[in-house]
Amino acid sequence: MARITLDADVVIVGAGLAGLAAAARVEAAGQSVVVLEARDRVGGRVLNEEIGFGEIVEIGGQWVGPQQTRILELIAELGLETHKSYDDGASLFERRGRLRSYRGTIPKVSPLALAETGAALARLDRMARSIDPERPWDADRAERWDGQTFATWMRRAVRTPTARDLLRLGIWAVWAAEPEDLSLLHVLFYIRSAGSFNTLLDTAGGAQDSRVVGGTQLIALGLAERLDDPVHLSSPVRRIAVPDAGGVTVEFDGGSARARRAIVAMPPLLAGRIVYEPALPAVRDGLTQRMAQGSVVKCMAIYPEPFWRAEGLSGQATSADGPVSVTYDNSPPGGSPGVMLAFLEAGAARRAADLPQVERRALVLACLERFFGPRAADPDRYVDKAWAADPWSRGCYGGFMGPGAWRENGIALREPVGPIHWAGAETATIWNGYMEGAIRSGERAAAAALGSEV
């Protein structure tokens, strides 16, 4: 097959939300753009799955919150609508084989554990407010905070085992990582980027407030359809060269693209697997080695109806026993069919990612049966997505920093290398790791590539 040669003002690597947002901004400025995507589809970590009868589920990113103003603006611009996540009724909390119902954000546990958890969350929020999300490594206590894991801080700050379990559940739910994996500074930066820890955890009014009617992949599809030139799919980028004469040459399966600037819109972990000539500065290459991806398997069991609603349950459950750590009612706006969303996260996801799907199904349904009774054991259909096994993601929800990485390599996260700019949810300073952050990062990188400021 003949190789093709493309020319543009800007070439963008990755057709997730960040890459597509960058492309839209470049074209709006009157410049030409080429978008290269390794997958056979657009959307990156947002992906719809048809379940019949004209309904879909999202097996990638799905929620938007009221504080996420840029993506809500974009949803409206694309003529899409949102609907509230189902949040009526009691939620469930499982710990050490005991299942309890509660209402609100934090499960009903002993007064001491409840007080410790609330105090810990408030303390984390106070610490996070001292961080500049543009330069977290410059915080007054950055050396101390980046020199320890969240697990180390938790052991010192929280004494009751129940409160520690609740905080561990929060870490699983937000970062899809273990407390032992995360730098305390990274946790504080992330909280600062969203506003508060509770905002990250909450359904109504928080990060899980609403969903897009028809699925979030419609955002990516809508952005792609607006571009003057179609996205080049099934075109994984292998090499990015910066010739002495200037500009950039991007080599992909099937051809090459030449441009004045390039925007690499993908997680740092994957960006580091591209060959660069000349080689990236050591600080940037070190970042790609030290910023791991979270681990999650997103699972959905589909039933004729959401039977748990009739029992006064919201469908939300959290379990310290696992392997399912959290569930949600993910039914379509009309309430039929009934869809129960279950997450395997962090260590549980690492252990399950390479299992045959039939084995993951058994693990998940056993948990759902514990939570919601025997009807949960027999869905009409089951679907899941092990994101760590996806070669073009290698994990979800996003990237995270371990101890020392922010102070040693964080400065390279957004800093261009010659004509090469970086985008992606991991590079965002507002709503880092979320779809909102992805959109903002793409628009920021495009403005920088065009020589202007957002």
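Up top is the structure these notes are about.
Below, the structure is looked at part by part. Keep in mind that what you see is a predicted model, and the values were worked out from it rather than measured.

Moving on to the overall build of the chain. Across its full length, the chain holds 16 helices and 23 strands. Taking 2.2 N^0.38 as the reference for a compact globule, 454 residues should give roughly 22 Å; the C-alpha atoms of the chain span a radius of gyration of 22 Å, in line with that estimate. Taking the principal axes of the C-alpha coordinates as reference, the chain spans close to 65 × 55 × 40 Å. When contacts within the chain are restricted to residue pairs at least 6 apart in sequence, long-range pairs at least 24 apart make up 72% of them.

Take the sheet that holds strand β6 (residues 63-64) next. Pairing within the open sheet is antiparallel, and its three strands lie in the order β6-β10-β7. The sheet terminates laterally at β6 and β7 (82-84), the two strands that pair on one side only. Alignment of β7 against strand β10 (residues 210-212), held across three bridges, turns out to be antiparallel. Paired with Lys84 across the bridge in β10 is Ser210.

If you walk across this open sheet you meet the five strands as β1-β13-β12-β11-β15, and the pairing is mixed. Both edges of this open sheet fall to β1 (4-7) and β15 (275-277), since each of them pairs with a single strand only. Ignoring strand direction, the axes of neighbouring strands in this sheet form an average angle of 15°. By the bridge criterion, four bridges tie strand β11 (residues 237-241) to strand β12 (residues 248-252) in an arrangement that is antiparallel. Bridge pairing links Ala241 to Thr249 in β12.

Before going further, it helps to spend a moment on the pattern of salt bridges. Tallied over the full model, the rule gives 26 salt bridges. Salt bridges here are not isolated pairs; linked through shared partners, they connect Arg25, Arg70, Glu73, Glu77 and Glu443.

This next bit is on the pairing of strand β20 (residues 338-345). The two faces of a sheet get side chains in turn, since along a regular strand they alternate between them. Among the eight residues that make up β20, eight are buried, leaving the element largely enclosed by the rest of the structure. Burial along β20 is two-sided: the face carrying Gly338, Met340, Ala342 and Leu344 and the face carrying Val339, Leu341, Phe343 and Glu345 are both buried. For strand β17 (residues 296-303) and β20, the ladder comprises eight bridges, and the chain directions are antiparallel. Its bridge partner lying in β20, Met300 is registered against Leu341. Relative to β20, strand β19 (residues 324-329) is paired through five bridges, and the arrangement is antiparallel. Within β20, the residue paired with Thr327 across the bridge is Ala342.

Basis of the calculations
- The residue count restarts for each chain, going from 1 along the sequence in the order it is written.
- Selection of residues for local features in this predicted model requires a pLDDT of at least 70, selection of side-chain atom pairs for listing and counting requires 80 or more, and totals for whole chains, interfaces and linings are taken over all residues.
- To obtain the side-chain values, all non-hydrogen atoms of the structure were included, while hydrogens and water were left out.
- The way it works is that DSSP assigns letters per residue, a run of H or I at least four long becomes a helix, a run of E at least two long becomes a strand, and they are numbered from the N terminus.
- This radius of gyration counts C-alpha atoms alone. The globule rule is 2.2 Å times how many residues there are, raised to the power 0.38.
- Residues count as neighbours in contact if any of their non-hydrogen atoms are within 4.5 Å of one another.
- Pairing between strands requires that DSSP locate at least two bridges from one strand to the other.
- Simply put, an axis is a line fit to the C-alpha atoms, just over the touching stretch for a helix, and the angle between two N-to-C directions goes from 0 to 180 degrees.
- Counted as salt bridges are all cases of a side-chain nitrogen of Lys or Arg within 4 Å of a carboxyl oxygen of Asp or Glu.
- Under the scheme applied here, a residue whose accessible area is under 20% of the maximum for its type counts as buried, over 50% as exposed, and between as partly exposed, the area being computed with a 1.4 Å probe on protein chains only.

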